[in-house]
Structures are given as structure tokens and as C-alpha cells.
Amino acid sequence: MAEQSLKEKTAKGLFWGGVSNGVQQVLALLFGIFLSRILSPGDYGMVGLLAIFTGIANSLQESGFSAALTNKQDITHEDYNSVFWFNIVVGIAVYVILFFSAPLIADFFGQPDLLWVSRITFLSFLFCCFGTAQAAYLFKNLMVKERALMDILTLLLSNVIALIMALNGMAYWGIAIQTALFAAIGTFFRWYYSPWRPTFSFSWKPLREFFPFSLKLLMTNLFNQFSVNIFSLLLGKFFTVQQVGYYTQGSKWTNMGGGLINGMITGVAQPVLAQVVHDRDRQRNVLRKMIRFTAFVSFPLMFGLALVADEFIVITVTDKWLPCVPIMRLLCVWGAFTSICELYKNVVISQGKSDIYLYANIVFGIVQLLVLVLTLSLGILWMVGVYVVAYFCWLFAWHCFAHRICGIQLRDLLKDILPYLFLTAIAMGAGWWVAYPLESIYMRFVVKVLVAVIVYLLILWQSGSVAFRESVEFLLGKMNRSR
């Protein structure tokens, strides 16, 4: 009974995560097309320069307590309440520091307008600190439907405002204001959908209990933000703001595709894995099933995006963004495997092994920085390409950590992902071969997509893929129940 309940919760989480992220990606696609046609690479690059500061500030504000709340089995009001008030104090303090640091940031990049652009953008984590505890409550209790509605409405409202501002010539100011509004609207909906409410009391006891785990997680998140955003920092300092814009654009479309998968998987992975933390074999089986589902969806989506990158960019945002295509293709290779790496990380976190999580990310951050500095003179494509190679090497390091915790073998990983990798290669190759002679860019795009999808699904159907069959059965079941 417990197994069935966990399976149903996981399926429900994946379904609503897929619905939420699917709708979000469609909305982000539409708004991204309109905004990219209106705005210039320099506009996107201006806000992209601040990514590393915003990411670090968000990590400081959250402080790693959300994962600690999720892991705790017997949670109390006092736990949520202490985290709530602590995050508010830290969030306000960090914003004040960055507000007065804005002139230094503007001088570092040689962009005077960054003074107030940064101060507006940094409002995002000030707003977020008022909803961290509510977000942790929704996440821990697998309230995936509510989170889906919240995320969709937040994205829709904030992007409508950004589009209106862009149409009125506000350029990168609109993107900065959108970032702050996205956080403010999201916090409002977290309060609306979460039944938990704070009280005017505070106790250090829960924080002292969470602190050893949360501190390591906080340090890890800081290094993660450094790793993810180091490109924008180096490009902004040593290259032009336009090149930052090209990287931001290529990364944006890749993250949009990868976000669909990551949102589905990470929205349920840690809570589900935490429920089977005391059963090593069961946790390994749950992990392997998630890996198979991830490969089943992620490989065709990300490699498919790489396949149609040229046509997609020209059709949607015009050829002024063509320099971002090679960057986008390299990042798609990375994005195809990102969700598997995130699953491994969730295994480590679910076991409370924040020390492993910390040290692994510190080492990777140092390696990444050295690699990027050494390739800085070679240009952005070499930097991105070498980063992707380094990321693949580190994926196997995460596999070793997961092996120590739940016993998953390398042959298990290869057995779970290689069939989908081969099928994806066949489907993409067929799409490229059939569309290659076509001169019309629109026809090439449509034919590539249709042929690749049909070939991939046909092979899955003929081979009797379990992931494919279970996905179809679950969707048909949802449709029958809705009638």
C-alpha cells in the first residue's frame, strides 16, 4: 500500500510538474520571442551582467533551510516560523549591502546605468525572503498542483508587464523591473496557496538543529551560483555587453528546454527520495526509475533543440541573434544530462549528506574557474565547450557519491540511459537527413521536428518501452477520470 501511495504521489508530481513547466515554457517562449525581437543583445547583456550577484544573494537569503525543512520527518510550526523570520532579517540585510554596493558593480563593468538597474533587479530576493517558508511548505507536502498554478500565473503577469514596458521603449529597464515583479507576485501566490501562517514568535532551537546541514548547503549553493554565472561575469569584464547578450540568449533557450525536465524531476525528487531514505534498495530502485524517465524525456527534447537551433532562432527572434546558435547547441548537450546530475544531488541531500554536497561543488567550482580562465583567450565557444566536457566528467563524480549512498552501479546508469541515447541519435539523424535538401527554413524546421518525433515514438512503441507505456497509461487514466 505504501509503495502504491508513493508511486501515485510521484506520478502526480511528475504530471503536474510537466503541466506546469510545459505551460511555463510555452509562455516563456512566446514572451521571449516578442521581447527578443524588440530588445537588442546589449539590453539582455546589461541585465545578464548581474546574474552572479542576484544568484549569490538569493542563496544567502534562503540559507539552505528549505531543504532542511523538507528532510525533517516531524515538522512543527516553530520550525517554519523560525526559518521565516530568519530569512526576512537576512534578506533585508543582504539587500541593504548590495544597494550600497551598486556603484562598485557599475564601475567594475564600466556601465553607469547598472547603478539603478542593479538596485531594481536586487529587489527580487528582498521580495522572495517573505515567501521562503511558504514555498518550503508547498514543496515538502508535494502540493504540486498549487505550485503549478502559482508558477504559471506569476510568469504570465510579470511577462505581460515586461512586454508592455519593452513596447514603450524602456529596454533593459523593463527586464530589471520584470525580475523584481516576478519575485513579488510569486511571493503573493505562495501566501495565497500555502495554509501555513507565521506568528510573532521566534526560537533559535530549530535553527541550531538545521544549521550544520543548512550551512553546508548554503556554501554549496553559493558555489553553484558562482559556477552557473561565471560566464556572464567573465564575458562582461573581458568582452562586450553584446557578447554577454548572445550568451544570455543562448542560455535562456537552453534553460527553457532543460527547465521543463528539471521542473518535473526536482519538484518531486527530494521529497520522494526522503520518504525511502531508510530503505537502501528501495531508494536505488526509485532513483533508477527516475533516471529512465529523465532520459526518456530529456534526450529527445534537448538534442532536438540542438537539431533545429538555426531554424528556431531565425524564425522566432530573427537572424540578429544567429551568433548565439553555436553557444546554444553546446549548452543543449550539457542540458540533456543536467537532470540526471540533479537526481544524484537529490540522493545526497535526502540522506542529509550536506558535507559531500558542499565539498563536491567546491572542487567543481575551482576546476571550472581554472578551465575558464585558461580558455579565456580562445573565445566564448572554447570556454563553453571545455565547460561542457568538465561537466560530463563531474557527472561521474556525482554517480560515485550516489553509489556510496544507495548502491547504484555504473552499469545500472548505462543500462538505463543508453537505449534512449541511441534512439534519440537515430531519430535526430533521420530528421536531419530528410530535411537537409529543403531550401525553405520553415519547411526544414517542421520536417525535422515531425520526422524526429515520429521516428522516436515509433521505435519506443515497437520496442515496448516501459517508460513510454507507463506515461501513456497514466495520461489516458487522467483523461478518463476527468470525463
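In this text, all values refer to a predicted model and were calculated from it rather than measured experimentally. Within any chain, residue numbers begin from 1 and follow the written order of that chain's sequence. Residues qualify for local features only when their pLDDT is at least 70, as the model is predicted, and side-chain atom pairs are given and counted only at 80 or more; totals for whole chains, interfaces and linings, by contrast, use all residues. Just so you know, side-chain values use all the structure's heavy atoms and leave hydrogens and water out.

### Quick word on helix α13 (residues 280-307)
Point 1. The way it works is that DSSP assigns letters per residue, a run of H or I at least four long becomes a helix, a run of E at least two long becomes a strand, and they are numbered from the N terminus. Helix span, expected: 1.5 Å multiplied by one less than the number of residues in the helix. Between the first and last C-alpha of α13 there are 39 Å, a value that for 28 residues agrees with the 40 Å anticipated at 1.5 Å per step.
Point 2. Helix geometry: α13 is bent most strongly at S298, by close to 30°, with proline P300 lying one to four residues after it. Think of it this way: the bend at a residue is just the angle between two axes, each fitted to seven residues, one set ending at that residue and the other starting at it.

### Focus on the packing of aromatic side chains
Point 1. A pair of Phe, Tyr and Trp rings is counted when the ring centres sit within 6.5 Å of each other, with Trp represented by its six-membered ring. The angle between the planes then sorts it: under 30 degrees is stacked, over 60 is edge-to-face, the rest tilted. Taken as a whole, this structure holds 23 aromatic pairs when the rule is applied.
Point 2. Geometrically, the ring pair formed by F84 and W85 is edge-to-face, given 5.0 Å between the ring centres and 85° between the ring planes.
Point 3. Throughout, exposure labels follow a simple rule: accessible area from a 1.4 Å probe, protein chains only, divided by the maximum for the residue type, with under 20% read as buried, over 50% as exposed, and the rest as partly exposed. Residue F84 is classed as buried on the basis of its relative accessible area of 3%.
Point 4. With 5.6 Å between their ring centres and 75° between their planes, W398 and F401 make a pair best called edge-to-face. Separated by three residues within a single helix, W398 and F401 lie in helix α17 (residues 380-406), roughly one turn from each other. Summarising the burial analysis for this pair, W398 and F401 share the class buried.

### Observations concerning the environment of A176
Point 1. Turning to its location among the elements, A176 is positioned in helix α10 (residues 172-193).
Point 2. Taking relative accessible area as the criterion, A176 reaches 0% and is therefore assigned buried.
Point 3. In this structure the C-alpha to C-alpha distance between A176 and L50, which are 126 residues apart in sequence, comes to 9.9 Å.

### Regarding a nonpolar patch on the surface
Point 1. A contiguous nonpolar patch, built from V26, L30, F34, I38 and L167 and spanning about 470 Å² of accessible area, is present on the exposed surface.
Point 2. By residue number, the principal contributor to the nonpolar patch is helix α1 (residues 2-38), which donates four residues.
Point 3. With respect to the element layout, I38 can be found in helix α1.
Point 4. Its relative accessible area of 37% is what places I38 among the partly exposed residues. Each patch is built from residues lacking any salt bridge and having more than 30% relative accessible area; the joining distance is 9 Å for like charges and 5 Å for nonpolar side chains (Val, Leu, Ile, Met, Phe, Trp, Tyr). Accessible surface area values rest on a Shrake-Rupley calculation with a 1.4 Å probe, where residue burial reflects the displayed protein chains alone. Between Lys or Arg on one side and Asp or Glu on the other, a salt bridge is scored when a side-chain nitrogen of the former is within 4 Å of a carboxyl oxygen of the latter.

### Some remarks on the side chain of S158
Point 1. Relative to the assigned elements, S158 resides in helix α9 (residues 144-167).
Point 2. When its relative accessible area of 0% is taken as the criterion, S158 is described as buried.
Point 3. When sequence neighbours within four positions are dropped, the list of residues in contact with S158 reads Q178, L181, F182 and I185. Any two residues whose heavy atoms approach within 4.5 Å at even a single point are treated as in contact.

### Concerning the pattern of salt bridges
Point 1. With the rule as written, the count across this model stands at eight salt bridges.
Point 2. One salt bridge in this structure joins R329 and D310, with 3.0 Å as the shortest N-O distance. Of this pair, R329 sits in helix α15 (residues 325-350) while D310 is found in helix α14 (residues 309-317), placing the two residues 19 residues apart along the sequence.
Point 3. You can call D310 partly exposed: its relative accessible area is 30%.
Point 4. One salt bridge connects E311 with K448, and the closest N-O pair in it is separated by 3.0 Å. Here E311, found in helix α14, pairs with K448, found in helix α19 (residues 441-463); they are 137 residues apart in sequence, far enough to count as distant.

### Focus on the packing of α13 against α15
Point 1. Geometry is summarised by axes, namely lines fitted to C-alpha atoms with helices restricted to the contacting stretch, and by angles between N-to-C directions that run from 0 to 180 degrees. In the contact formed by α13 and α15, the axes pass within 8 Å of each other and the chain directions differ by 165°. Relative to α15, α13 is oriented roughly antiparallel. Here α13 and α15 pass one another in a crossing that is right-handed.
Point 2. All amino acids are sorted into three groups, where Ala, Val, Leu, Ile, Met, Phe, Trp, Tyr, Cys and Pro are nonpolar, Asp, Glu, Lys and Arg are charged, and the leftover types, Gly among them, are polar. Across the contact of α13 with α15, the residue classes tally to 18 nonpolar, six polar and one charged. Between 65 and 115 degrees an angle is taken as roughly perpendicular, under 35 as roughly parallel, over 145 as roughly antiparallel, and anywhere else as oblique. Crossing handedness is read from the near helix: turned anticlockwise from the far helix by less than a right angle, it gives a left-handed crossing, and turned clockwise, a right-handed one.

### Some thoughts on the environment of F299
Point 1. Within the secondary structure, F299 is located in helix α13.
Point 2. Considering only alpha carbons, one finds F299 and C332, 33 residues apart in sequence, at a separation of 9.5 Å.
Point 3. Beyond its immediate chain neighbours, meaning those up to four positions away, F299 contacts T294, G304, A336, F337, I340, I417, Y420, L421 and T424.

### A word on the nonpolar core
Point 1. By convention a nonpolar core is built from buried Ala, Val, Leu, Ile, Met, Phe, Trp, Tyr and Cys residues, the set being connected through side-chain atoms within 4.5 Å. Ranked by size, the top nonpolar core spans 108 residues in total, and within it F299, I313 and Y344 carry the most contacts.
Point 2. With 15 residues, α15 is the largest single contributor of residues to this core.
Point 3. Each residue touching Y344, except ones within four places of it in the same chain, is listed here: L287, I291, L395, W398, H399, A402, I408 and L413.
Point 4. Within the second largest apolar cluster, eight residues are counted, among which are L27, L35, I152 and A162.

### So, the side chain of H399
Point 1. As for its placement among the helices and strands, H399 is situated in helix α17.
Point 2. Ignoring any residue separated from it by four or fewer positions in sequence, one finds H399 in contact with Y344, I408, Q409, L410 and L413.

Read these as spatial facts, not as claims about activity.
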